[in-house]
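What follows is the residue order along each chain.
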Amino acid sequence: VVSGTTSLLTGPSPTVTLTRVQSGVGALIVQAACAETVGDVRIGCAYQLRDGTTSLVQRTSGLPTAPHAGGRPVIRAGRERFETLTVDLAQVRELRRMAVYLYSESHQPLSWGGTVTTETFGRSRIQIPLDRPRSGGVLVALTVYNLNGELVLRNENLLVPGPIRAAALAFGYDRITWVDDNTPLI
């Protein structure tokens, strides 16, 4: 990805590898850029750290950072103009992988539209369009894998019927202990 450019991750080109500088400087910011007409869309991610720690990050369910206890967070959830996940790239070696998902906080069907936008320190943008029919479930929009210090982003665009737990399991996050289908035990 060239600094200052915008790339669209679609069917013919579903992946992009960030350079070592883009993967290790500043922050990687992932936003659910959606209009209010979509519904109460929220963003979260399932993640695995280098030490094997696996869980979720979501702003709205008391899981706003990873790791959940101690030190400086590797991943933070928040809200600016849109729902946002921020990865601290100074700690990129701590992140093994993550799956970014969108869901309805009220568990209602969403009228999908908008874009998942990922921005690097060099102001490069990677966009994934959210064009799909109104539906319920959890949409896993993007996966991020750390391959020897370079982040690989992939457009997944997979709608998983059911709760967040089903989406996490669909992407191999099977080491999470759950309180219920939408809340991990921390």
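In case you missed it, the structure is sitting above this.
Residues numbered from 1 in each chain as written. Predicted model: local features only at pLDDT ≥ 70, side-chain atom pairs only at ≥ 80, totals over all residues. Heavy atoms only, no water.

**Things to note about a nonpolar patch on the surface**
Threshold: Put simply, a patch holds well-exposed residues, over 30% relative accessible area, that have no salt bridge, with like charges counted together within 9 Å and Val, Leu, Ile, Met, Phe, Trp or Tyr side chains within 5 Å. Note on areas: Shrake-Rupley, 1.4 Å probe, and residue coverage restricted to the protein chains presented here. Whenever Lys or Arg places a side-chain nitrogen within 4 Å of a carboxyl oxygen from Asp or Glu, that contact is recorded as a salt bridge. Helix numbers and strand numbers start at the N terminus; a helix is a DSSP run of H or I with at least 4 residues, a strand a run of E with at least 2.
A cluster of nonpolar side chains, contributed by Val 21, Val 25 and Phe 121, occupies part of the molecular surface with about 280 Å² of accessible area. With respect to the element layout, Val 21 can be found in helix 1 (residues 20-24).

**Description of the pairing of strand 5 (residues 54-58)**
Successive side chains on a regular strand alternate, one facing one side of the sheet and the next facing the other. What counts, and what does not: Burial classification: accessible surface area is computed with a 1.4 Å probe over protein chains only, and a residue below 20% of its type maximum counts as buried, one above 50% as exposed, and the rest as partly exposed. At least two bridges found by DSSP between two strands are what make those strands a pair.
Along strand 5, 5 of the 5 residues are buried, which leaves the element largely enclosed by surrounding structure. On strand 5, burial covers both faces: Thr 54, Leu 56 and Gln 58 on one face and Ser 55 and Val 57 on the other are all buried. Summarising the sheet, strand 4 (residues 41-49) and strand 5 pair through 5 bridges and their orientation is antiparallel. Along strand 5, the bridge assignment pairs Tyr 47 with Ser 55. Hairpin connection between strand 4 and strand 5: a loop of 4 residues separates the two successive antiparallel strands, and Gly 52 in this loop has a positive phi of roughly 95°.

**Here we look at the pairing of strand 8 (residues 83-88)**
With 6 of 6 residues buried, strand 8 lies mostly within the body of the structure. Going residue by residue along strand 8, you find Glu 83, Leu 85 and Val 87 tucked away on one face and Thr 84, Thr 86 and Asp 88 tucked away on the opposite face as well. In the sheet, strand 3 (residues 27-33) pairs with strand 8 via 6 bridges, with the strands oriented antiparallel. The partner of Ala 32 across the bridge, within strand 8, is Glu 83. In the sheet, strand 7 (residues 75-79) pairs with strand 8 via 5 bridges, with the strands oriented antiparallel. Considered in strand 8, the bridge of Ala 77 is made with Leu 85.

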